[in-house]
Amino acid sequence: MKGKLLPKLIIFCFFLVSALQAQETLDRVVSVTFEDQSPAKALQHLRKSFDLNIVFADSQLPKRNNFPLSFKRQSIRSILNSILANTGLAFHSEPEGIIITRVMLTPKIRSRYTIQGIVEIGGSAETLIGTNIFAINHNEGTHSNEQGVFSLTLPQGRTRISVSYIGFHTDTFSINLQQDTFLRIYLHRKSQQIEGVVIPAAMQGDGMNIGKYSFDLEQLQRMPKIGGETDLIRAVQMLPGVQTGPDGVGGVFIRGGEAGHNLVIIDDVPVYNFNHAVGVLSVFNTSIVKSAELLKGAFPARYAGRLSSVLDVRMRDGNKEFWTASGELGLISGRLTVEGPIVKNKSSLLIAGRASLLNWMLKPYSEHYKSRKGEKGQSSYNFYDFNAKFNIELSAKDRLFFSFYRGQDHFGNTGDSQDTLSLLVDDRFEIYRFRKVYHEKLYWTNTGSSLRWSHILGKKLFSNTTFTFSELNVNIATASSDTVNVFSAAAPKIHFDADYGRYLSSIRDFGARSDFHWDIAPGNKVRFGLRVQHNHFVPGIQEYDDDFQEYISPDGKISRRVRTTGWAFYLENERRMLSRRLYLNYGLNWSGWNVDQRNYSTLEPRLALSYLLSDSTYLEASVSRMSQFLHLLSGTNVGLPTDLWVPSTGKIGPELAWQYTLGFRKNLNFGWNIALEGYYKEMKNLVNYSEGADFLDDWEQNITIGSGRAFGMDFMLRKNNRIIDAYIAYSLGRTDRVFPKINLGERYPFKYDHRHDLKIWSDFRFSSTIDLSASWTFSSGLATNIPLEAFTVEIPGVPPVTVINYGPKNSRRLPAYHRFDLGLNFHFTSPKGTEHKFQIGAYNVYSRRNPLYYQLRTVFVAENGVLKKDSELVGVHLLPFLPSINYSIKF
Amino acid sequence: MIGLLLQLFACEKPQLPLENYTPSLVVISNFNTLNGIQVQVSKSQSPLDNGPTEYINYATVEIWESGLLLEKLNLNDTREAKTPFYTSELLKPRVGVDYTVKVSAKGFKTVTATSRIPERVNLDSVKIEKLSAIPDDPGYVRYTFDLSIYFTDPRLERNFYHVNVFQKNVVILKDGVEQIEQIKKLSFSSAINTNYIVANYDGGFLIEDKPIDGNAIRIPVPISIRMPAGIQNLDEMIVELRSVSEEYYLFHSTVSRQQNNNDQPFSDPVVLYNNIRNGQGVFAGYSQAEKIVSLKPQ
């Protein structure tokens, strides 16, 4: 017995030792790096490197699989799990080695289930757009859409999910996935003191990020402000590739495009004039902005209607958990926001208002200025914005949102002056008493609203149906009178002349759209939809009554009313391929326009790709074709509200552009990021006023159709850690235009052809309550014209006239623009939870006199008792050093 | 960083060079088949200089054709005329011939320019249409009508026109018997401006034929005249159709647009056309046709 038992015991021990050795082998902790994601090569590498006997058949293995290329101090078991994940293969240890075999699945059991969910902010239940949801051990991920909703299909079983969003604590949790699941995830904002502020956000991470910038309210509020006013458009102007005129005047020009080439939407409603105070400020009340994203290239197919950029602004929904209020007071405006639940966690209401406080300063100053000229009167300027948003959760699958905006600017100017002159007429003195009275009003109003129904059609399919309304009205009214009373020995006489003028223009836009978002599988999303819009243009109505009334057409109109109908279909596919190394977004937008019994349609293909070259280096490229059927005509060079939106008509086709981009970005060590992107843009059918025409002319008879091109590169270097957040943005660019009726048909530099554009911004966090924000902006001078010489044109029998030679159009440059801004922020929370923020700062700290334009002015001066005419070229400057102070409180 | 900033500043060359201004010759001449060639020569000025125009009366002004000197122009008698002109005495310009003006004066670069007189386009007719008369101030009647100008634009050619309208009327003096005749050139507001029609600064309007090429054209000119009710000597409307060279059209249309645009500080300036090499101004030919129509009140 003993003799038989011993051999059996030896054999048993042998097998036991072998099995233990095999188990030991699987638990062995190693570090390894693979060349690529070929499972066969990886297994061979393991076999060779660690002397393992791994048994497998090449034919069973896929050519590629998603697994990390590098493992540090991990068990062989863990490494094998990663290599064989989702391959249908499993391994087990045998005495002779590690055997890899195919797993036989029970046919009735599903292998994959879908997690559907919504991501909201903890404490307010506000939805979060663009949140990253990532299944760590499956290396699969997605992000929440514009409604905060996401869908992710994963293999059955336990998995760890990570949910992250910039400025918020990352939430990581485990889930045992045995069925389709709905999750409501709450993310909590990091305290401001440790928040890694990023302006702009979204340079890190995968996906197409070059040419795309996201903003966050907290981030915006830290930037230096004009008069304490936080402003979204000024933050946009701090980005590379975004140009503007001095102090923001003139509009926003992106990569050589025109001011009217930017699609600005708030909750899907187009905003036709987003400027207050000729562009120094914008209409966006940042207290209610949830998110803002700027796209200046690589446009997804769902966006259409403008050539150069998309600024997609989303309003906050309002706090669904409790009522709260906040207020802010600065030198320029005051604002108040109230929000809270109508039915807790079901519906909420947000109301916000902002009103300017400029008149307390402007009225007395203008009164004083006019009185020095011997005139009674004053100038005034004010603006207001009103926003409201209501949302209700009708069911688990249905939500309804209603948002409304109205804003108005109002400029007024009055004057009343008198003068008396005594003249010797026919040996008698006659007394002439002159009186001039004038009253001018200019106001423009933006109104917009949207009603959106968000519906979850299935576990992977979402829809949004939106109705929109947008309107811009511009009104100008002038009245003036001149009276001359003549007191003489003969009968006294009165001469009276009165002028009255009124100018109106408007654009009204009704729209409806349905958008569908289909998460087919991880790394494979489809968006499709359609849009219809009806526009009504009143491009310029003038009523005028003065001595020249014979020149005004009998009906008082200078342009005809035009009604148009536009439509668009789009289909867009977002793919992650080659083990998530390649991100691809391609699609097609088909847009049409019906006007004057003529139909136009354009096909706009879009392609954007991003390829992960190494651990953190991305190569990105895109091609986009864009079109627009609306054209912004500017009769001035400072972007006044008299700029006119006009449609494509029977004679004017759509403006078209192709844009090509190529760039790379890399996340470096110690929080540094670098991005560089080159672009080339060709624009056709551009519409502009013919030289010498303006908004008082019939626009259809005074426009010229031309083309433009722009090329250059945008560069950004950013550093972001707990103490400092800073970036340097530099753009090198060139853009020009050619129009038959401008510059005698010769090509000329575009006014906003800034060759160099440099922006440096930083935020230093000294402590938990204090941070210092500073920015410096430099850009090459605007292309302009100045009078070069004057001469007289005199033809026999014709009175002479003096004309000015300005040289070819935009052949001169204004001096370079530069400015330094500073803001010191204090923020603290009282024991009762009330948040206080206080900012003091300065705009244009060293008071650089940046000229807006140069003007030839003639003044009369007395020299040795003789009145002499004197001319000088005067630079007109806008904003000097401006201190700012701002206080905000949130209950 | 500092190096980068320095480099950027070094790249920046604001160009506002008004201090060291160098004047050039200004040559102005519109010539036709009837009057020979008249050339005015002056000196351009800095835009900051408000002094009077300096005419050049010591210039050498020559007219050349195909490399041959045709005539050296003489300065007119400046004792009576305020403005000096150089005029041809022998030369009668012909249609379709390229003439070159060459002007030299001490202290200036020699300037040249070439132009020709285009073929004349005749007026087909001039008519008074839609005439209506309504009582105005006591003793006066207001006549409103369209002065319709008919002509045919030659096909497949670039043509440019300058239409002038003159009103020849009789003014009755205080005694009610004495009358004087006067001719007034009509000026048009810039409200009529389009891409192809420009109100000329000195009266009339300029036309480019691009949208009307080869067509029979009717141009209605709305006119409103107040006349004494009992007047027997009726107004005459004189229409002059100038067929102008492209140089003429471009120069006068840009001057007109600029004159109209002068008072608007925010507007981009209008770029002037110039065909004077090394100088400023215009040397341009035109031919002309004329018709007269009488206003016959009902």
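Please read these numbers as outputs of a predicted model, since none were measured by experiment. (Residues numbered from 1 in each chain as written. Chains lettered and ligands numbered in written order. Predicted model: local features only at pLDDT ≥ 70, side-chain atom pairs only at ≥ 80, totals over all residues. Heavy atoms only, no water.)

Engineer: What am I meant to see in the overall build of chain A here?
Structural biologist: The helix and strand tally for chain A stands at six helices and 53 strands. Residues classed as buried in chain A amount to 57% of the 891 residues present. A fraction of 64% describes how many contacts in chain A between residues 6 or more apart in sequence connect residues 24 or more apart. A total of about 38,000 Å² of accessible surface is found on chain A, and carbon and sulfur atoms cover 59% of it. (Helix = DSSP H or I, 4+ residues; strand = E, 2+ residues; numbered from the N terminus. Buried < 20%, exposed > 50% of the residue type's maximum accessible area, 1.4 Å probe, protein only. Contact = heavy atoms within 4.5 Å. Areas by Shrake-Rupley, 256 points an atom, 1.4 Å probe, with all protein chains shown as cover.)

Engineer: Before we go on, may I ask you to explain the packing of helix α2 (residues 39–50) of chain A against helix α3 (residues 76–84) of chain A in this structure?
Structural biologist: Relative orientation and spacing of two packed helices are given, respectively, by the angle between their axes and the distance between those axes. Residue and element names in this part refer to chain A. Where α2 meets α3, the closest approach of the two axes is 10 Å, and the angle between their N-to-C directions is 165 degrees. When the axis of α2 is compared with that of α3, the two are roughly antiparallel. Crossing hand, α2 versus α3: left-handed. Residues Pro39, Ala42, Leu43, Leu46 and Phe50 of α2 form the contact with α3, whose own contacting residues are Ile76, Ile79, Leu80 and Ile83. In terms of residue class, the contact of α2 with α3 is built from nine nonpolar, no polar and no charged. (Axes fitted to C-alpha atoms, helices over the stretch in contact; angles between N-to-C directions. Parallel < 35°, antiparallel > 145°, perpendicular 65-115°, else oblique. Left-handed = near helix turned anticlockwise from the far one by under 90°. Nonpolar A, V, L, I, M, F, W, Y, C, P; charged D, E, K, R; others polar.)

Engineer: It is not clear to me how the pairing of strand β32 (residues 562–577) of chain A should be interpreted in this structure. Could you clarify?
Structural biologist: Regular strands have side chains that alternate between both faces of the sheet. All names here are of chain A. In this structure, β32 lies alongside strand β33 (residues 582–595), joined through 13 bridges in antiparallel fashion. In the strand pairing of β33, Asn573 is matched with Tyr586. The loop that links β32 with its antiparallel partner β33 comprises four residues; one of these, Leu578, has a positive phi angle of about 50 degrees. (Pairing = 2+ DSSP bridges.)

Engineer: I tried to follow the confidence of the model for chain B on my own but got confused; where do I start?
Structural biologist: Low pLDDT marks stretches whose predicted atomic positions should not be read closely. Chain-level pLDDT for chain B is 85 on average; 85% of the residues reach the 70-or-more range. Predicted complex, confidence summary: ipTM 0.89, pTM 0.81. (pLDDT = per-residue confidence, 0-100.)

Engineer: So what exactly am I meant to see when it comes to the packing of aromatic side chains here?
Structural biologist: Throughout the structure, instances matching the rule amount to 26 aromatic pairs over all chains. Relative to B:Tyr99, the ring of B:Phe31 has its centre 6.1 Å away and its plane inclined at 90 degrees; by these criteria the two rings are edge-to-face. With a gap of 68 residues between them, B:Phe31 in strand β1 (residues 25–31) and B:Tyr99 in strand β8 (residues 99–104) connect regions that are remote in the sequence. One exposure class covers both B:Phe31 and B:Tyr99, and it is buried. Linked through ring pairs, A:Phe34, A:Phe67 and A:Phe71 together constitute an aromatic cluster. (Phe/Tyr/Trp six-rings, centres within 6.5 Å; stacked < 30°, edge-to-face > 60°.)

Engineer: Whenever I open this one, the pairing of strand β9 (residues 111–115) of chain B confuses me. Can you help?
Structural biologist: All names here are of chain B. Counted residue by residue, β9 has four buried out of five residues, so it is predominantly covered. Bridge count for β8 against β9 is five bridges, and the pairing is antiparallel. Residue pairing across strands places Val103 opposite Val111, the latter belonging to β9. Hairpin geometry of β8 and β9 is characterised by an intervening segment of six residues between the two adjacent antiparallel strands and by a positive phi of about 95 degrees at Gly107.

Engineer: For this particular structure, what's the right way to read the sheet that holds strand β11 (residues 140–152) of chain B?
Structural biologist: Adjacent strands of a sheet pair through backbone hydrogen bonds, lying either parallel or antiparallel. All names here are of chain B. With antiparallel pairing, the three strands of this open sheet are ordered in space as β10-β11-β16. Each edge of the sheet is formed by a strand with only one pairing partner; in this case those strands are β10 (123–135) and β16 (216–228). The average undirected angle you get between the axes of adjacent strands in this sheet is 20 degrees.

Engineer: How should I be thinking about unusual backbone geometry in this particular structure?
Structural biologist: Across residues other than glycine, the phi torsion is negative in most instances, and most of the peptide bonds are trans. One non-glycine residue, A:Phe670, adopts positive backbone phi at about 60 degrees. Assignment of secondary structure puts A:Phe670 in the loop between β38 (655–667) and β39 (672–689). Residue classification places A:Phe670 among the exposed positions, given a relative accessible area of 71%. Despite not being glycine, B:Leu156 shows a phi value in the positive range, around 55 degrees. With respect to the helices and strands, the residue B:Leu156 is situated in the loop between β11 and β12 (160–172). Residue class for B:Leu156 comes out exposed when judged on its relative accessible area of 76%.

Engineer: Would you mind showing me how to read the side chain of A:Arg765 here?
Structural biologist: Residues and elements named next belong to chain A. Within the secondary structure layout, Arg765 lies in strand β43 (residues 756–765). For Arg765, a relative accessible area of 7% corresponds to the buried category. Side chain to side chain, Arg765 and Asp763 meet in a polar contact 3.4 Å long. (Polar contact = N/O pair within 3.5 Å; in protein donor to acceptor, adjacent residues only side chain to side chain.)

Engineer: What should I look at first to understand the interface of chain B and chain A in this one?
Structural biologist: A common measure of how large an interface is: the accessible area buried when the components associate. Counting residues at the interface gives 62 residues for chain B and 64 residues for chain A. Here chain B and chain A share an interface that buries about 5,400 Å² over both sides, 59% of which is from carbon and sulfur atoms. Inspection of the chain B/chain A interface yields two salt bridges. For B:Glu208, the salt bridge identified is with A:Lys741, shortest N-O distance 2.8 Å. Linking chain B to chain A there are 17 residue pairs in polar contact (both at pLDDT 80 or more). Among the elements that line the side of chain B that touches chain A, the one with the most residues is helix α2 (residues 246–261) of chain B, at nine residues. Here the side of chain B that touches chain A is composed, by residue class, of 29 nonpolar, 27 polar and six charged. (Buried area = accessible area lost by both parts, 1.4 Å probe. Salt bridge = Lys/Arg side-chain N within 4 Å of Asp/Glu carboxyl O.)

Engineer: Just to check I follow, could you spell out α2(A) for this structure?
Structural biologist: Quick reminder: α-helices carry 3.6 residues per turn. Residues three or four places apart thus point the same way. Between its terminal C-alpha atoms α2(A) stretches 16 Å, which fits the 16 Å expected from 12 residues at 1.5 Å a residue. At the C-terminal side of α2(A), A:Asp51 shows a positive phi close to 55 degrees. (Expected span 1.5 Å × (residues − 1).)

Engineer: Would you mind showing me how to read the sheet that holds strand β7 (residues 132–135) of chain A here?
Structural biologist: Residues and elements named next belong to chain A. Taking strand neighbours across the sheet as the criterion, the four strands line up as β8-β7-β10-β11 in an open arrangement whose pairing is antiparallel. In this open sheet, the two strands that pair with only one neighbour each are β8 (140–143) and β11 (171–177). Ignoring strand direction, the axes of neighbouring strands in this sheet form an average angle of 20 degrees. Of the pairings in the sheet, the one linking β7 to β8 comprises four bridges and is antiparallel in character. Its bridge partner lying in β8, Phe134 is registered against Gly141.

Engineer: For this particular structure, what's the right way to read the nonpolar core?
Structural biologist: Generally speaking, nonpolar side chains in soluble globular proteins are found buried as a group. If you look at the biggest cluster of nonpolar residues, it comprises 39 residues, and the most contacted ones within it are A:Leu633, A:Tyr689 and A:Trp699. Those residues within four positions of A:Trp699 in sequence are excluded, and the remaining contacts are A:Pro539, A:Ser559, A:Leu633, A:Leu644, A:Val646, A:Pro647, A:Thr649, A:Ile652 and A:Tyr689. (Core = buried A, V, L, I, M, F, W, Y, C linked by side-chain atoms within 4.5 Å.)

Engineer: Sorry if this is basic, but what is going on with the environment of A:Thr602 here?
Structural biologist: Residues and elements named next belong to chain A. Tracing the backbone shows Thr602 in strand β34 (residues 598–614). Taking C-alpha positions, Thr602 is 8.1 Å from Asn589, a pair spaced 13 residues apart along the chain. Setting aside anything within four residues of it in sequence, one finds Thr602 in contact with Asn589, Trp590, Ser591, Arg625, Ser627, Phe629, Pro654 and Leu656. At 3.1 Å, the side chain of Thr602 and the side chain of Glu604 are in polar contact.

Engineer: So what exactly am I meant to see when it comes to a nonpolar patch on the surface here?
Structural biologist: Residues and elements named next belong to chain A. Taken together, the side chains of Leu329, Leu331, Leu357, Trp360, Met361, Phe838, Ile840, Ile885 and Tyr887 define a hydrophobic patch exposed on the protein surface, amounting to about 790 Å² of accessible area. Of all elements in the fold, only α6 (359–372), β50 (835–843) and β53 (882–890) reach the threshold of two or more residues within the nonpolar patch. Tracing the backbone through its elements, the reader meets Met361 in helix α6. (Patch = residues over 30% accessible without salt bridge, like charges linked within 9 Å, V, L, I, M, F, W, Y side chains within 5 Å.)

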